[in-house]
Amino acid sequence: MPKPGPHGGELALIERIRHDSAQRFVQRRSRFLMLGIGDDCAILRPPAGHEVLVTTDFTIEGRHFRRDWHSPESAGHRCLARGLSDLAAMGAMPMAAFLSLALPRSCKKSWIDRFFLGLRALGDRFSVPLAGGDTAESPTELIFADITLVGTAPAGRALRRSGARAGDVLYVTGQLGGSAAELDLLPSGRGLRVRGGEEDKHPQMFPEPRLAVGEALLRRGLAASCIDVSDGLSTDLAHLCRESEVAAEVDEAALPIHPLAGKLVRETALRAALHGGEDYELLFTAHAGVRVPRRIAGVAITPIGRIVRARAGKAAVMLVRADGTRGELKPGGWEHFRGISV
Ligand SMILES: [Mg+2]
């Protein structure tokens, strides 16, 4: 049994999280959570006629965030946002979050408190209670956070990657490249201080999961297929094409480039929009003839290309450049940590 670390030991930490959850984590307002932290299991009740959707995401220090770049609030926000974005991609409503956290002994209590502050602020906005989890002492100096999100959607109606057909129009929500651009513009070695209320200007530090758009796409029957842009447009579009057994064409000139990426030279901005991960926008297709509004839930919706028939031996995704020339768009991830070994 390890001695309690500076964060007061596991029991004290769980007690603090539980207290916070009971006080502020909308437990009382949750429609789905029958029993939260404190028992051996949580109890969730999905609405009648609904299915349960589950997704898990690892957040590893040095891989998904850096303590010298991301504030603790940002790390907490991003941890939850990744899971919520997966639910958004399937048009699901979140029911509850579960978090397993491994913390080094040296981790300060203030870091942990601020991590939960960021996580809770986002959870509160979407009425997602933290309904359980686990804590352990990390055997390294690194922080590990594993989040599980449980959501619900009307039976048989969850949006999938596999529904695209040749002739569909390809759409993206919001703007692309902001997350990678924010990292690129970050002064090296210095974390970014974000003032309260300015979170929406920081797509890397405080990405916004598109839950309302995903729900609307499902409810209004607009999307034939959907995926969230977590690994970059080029990579996630290739996933969608593979699952749907189709190919796609992207119009470079149509891409909605995030204003932060607009501050970079054109070629870098384009690379951020095409390959930069962690934008957490939704990429979806609609069958030809389906009228897709230009805004859904206040979020811009932009047509950026089309789905075409897959041909053996041909590239799955083609980029139609502004000058009309065409080239293969190979899946390519953005080097977020720019070669710095962590
Ligand atoms: Mg995803």
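The rules behind each value
Every chain is numbered independently, its residues counted from 1 as its sequence is written. Totals for whole chains, interfaces and linings use all residues, but because this is a predicted model, local features are given only for residues with pLDDT of at least 70 and pairs of side-chain atoms are given and counted only at 80 or more. For the side-chain quantities, the full set of heavy atoms in the structure was used; hydrogens and water were omitted. Any Lys or Arg side-chain nitrogen found within 4 Å of a carboxyl oxygen on Asp or Glu counts as a salt bridge. Helical segments are the DSSP runs of H or I of at least four residues, strand segments are the runs of E of at least two, and each set is numbered from the N terminus. Burial classes follow relative accessibility: with a 1.4 Å probe on protein chains only, a residue under 20% of its type's maximum area counts as buried, one over 50% as exposed, and anything between as partly exposed. Note on definitions: a residue-residue contact is assigned when non-hydrogen atoms from the two residues lie within 4.5 Å. Strands were regarded as paired on the criterion that DSSP finds at least two bridges between them. Angles here are taken between N-to-C directions and fall from 0 to 180 degrees, while the axes themselves are lines fitted to C-alpha atoms, restricted in helices to the stretch in contact. Only nitrogen, oxygen and sulfur atoms within 2.8 Å of the metal, or 3.2 Å for Na, K and Ca, are treated as donors, and water is left out, so sites may look incomplete. Among buried residues, the Ala, Val, Leu, Ile, Met, Phe, Trp, Tyr and Cys ones that are joined through side-chain atoms within 4.5 Å form a nonpolar core. Any two of the Phe, Tyr and Trp rings considered here, Trp counted by its six-membered ring, make a pair once their centres fall within 6.5 Å; the pair's planes then place it as stacked at under 30 degrees, edge-to-face at over 60, or tilted in between. For a lysine, the NZ atom is tested; for an arginine, the CZ atom; a charge sits over a ring if that atom is within 6 Å of the ring centre and within 35 degrees of the ring normal.

> How should I be thinking about the pattern of salt bridges in this particular structure?
Considering all chains together, one arrives at 12 salt bridges under this definition. Taking the shortest distance from any N to any O, the salt bridge between Arg-210 and Glu-281 comes out at 2.8 Å. Of the two residues, Arg-210 sits in the loop between helix H4 (178–185) and helix H5 (211–219) while Glu-281 sits in the loop between helix H8 (266–275) and strand E10 (282–286), which places them 71 residues apart along the sequence. By relative accessible area, which is 17% here, Arg-210 ends up buried.

> Can you walk me through the environment of Glu-215 in this structure?
Along the chain, the position of Glu-215 falls in helix H5. With relative accessibility at 27%, the residue Glu-215 sits in the partly exposed group. Here the alpha-carbon distance between Glu-215 and Met-90, two residues 125 residues apart in the chain, equals 8.1 Å. When neighbours within four sequence positions are excluded, Glu-215 is seen to be in contact with Gly-91, Ala-92 and Met-93.

> Help me out: how do you make sense of the sheet that holds strand E3 (residues 50–60) in this one?
Strand pairing in a sheet relies on backbone hydrogen bonds, with the paired strands running either antiparallel or parallel. The four strands are arranged E3-E6-E4-E5 in an open sheet whose pairing can be described as mixed. Since the sheet does not close on itself, it has two edges, and those belong to E3 and strand E5 (130–137), each with one partner. Along the sheet, successive strands turn relative to each other by an average axial angle of 15°, direction set aside. One ladder, built from seven bridges, connects strand E4 (residues 93–103) with E5; its direction is parallel. When the bridges of E5 are listed, Phe-98 appears paired with Gly-132. Most of the contacts of helix H3 (residues 109–125) go to E4, to which it runs at about 165°, and overall it touches E4, E5 and strand E6 (144–154).

> Any chance you could explain the coordination of the magnesium ion here in plain terms?
By definition of the ideal shapes, four donors in a tetrahedron about a metal sit 109.5 degrees apart, and six donors in an octahedron sit 90 or 180 degrees apart. For the magnesium ion, the full set of protein donor atoms is Asp-86 (OD) and Asp-228 (OD), at a range of 2.1 Å. Taken together, the residues span a long stretch of sequence, with Asp-86 in helix H2 (residues 72–89) and Asp-228 in strand E8 (residues 225–228) at a distance of 142 residues.

> Before we go on, may I ask you to explain the nonpolar core in this structure?
As a rule of thumb, soluble globular proteins bury nonpolar side chains together. Core analysis: the largest hydrophobic core is formed by 51 residues, its most contacted members being Leu-99, Phe-115 and Leu-217. Counting residues per element, the ones that place at least two in this core are helix H1 (9–24), H2, E4, H3, E6, H5, E10 and strand E12 (299–309). For Leu-217, the residues in contact, after removing those within four places along its chain, are Leu-159, Leu-222, Ala-223, Leu-282, Phe-284 and Ile-296. By size, the runner-up hydrophobic cluster in this structure holds 23 residues, among which are Leu-176, Leu-270, Leu-274 and Ile-304.

> Where do I start with H8 in this structure?
With seven of its 10 residues buried, H8 lies for the most part within the structure. Of the residues making up H8, those classed as buried are Thr-268, Ala-269, Leu-270, Ala-272, Ala-273, Leu-274 and His-275. Those residues of H8 hidden inside the fold are in contact with H4, helix H6 (233–244), helix H7 (259–262) and strand E13 (317–320).

> Just checking my understanding: could you explain the packing of aromatic side chains for this structure?
Two descriptors summarise a pair of aromatic rings, namely the distance from one centre to the other and the angle between the planes of the rings. Throughout the structure, instances matching the rule amount to four aromatic pairs. Between Phe-115 and Phe-116, the aromatic rings sit 5.6 Å apart at their centres with planes inclined by 85°, giving edge-to-face as the arrangement. You can call Phe-115 buried: its relative accessible area is 2%. Consider the rings of Tyr-171 and Phe-284, whose centres lie 5.2 Å apart with planes at 15°: the pair is stacked. Separated by 113 residues along the polypeptide, Tyr-171 in strand E7 (residues 169–173) and Phe-284 in strand E10 bring together distant segments of the chain. What makes Phe-284 buried here is its relative accessible area of 0%. One aromatic cluster is present, built from ring pairs that chain together Phe-65, Trp-111, Phe-115 and Phe-116. If you follow Arg-66 out to its NZ or CZ, it ends over the ring of Trp-69, 4.3 Å from the centre.

Any functional reading would require information that these geometric values do not contain.
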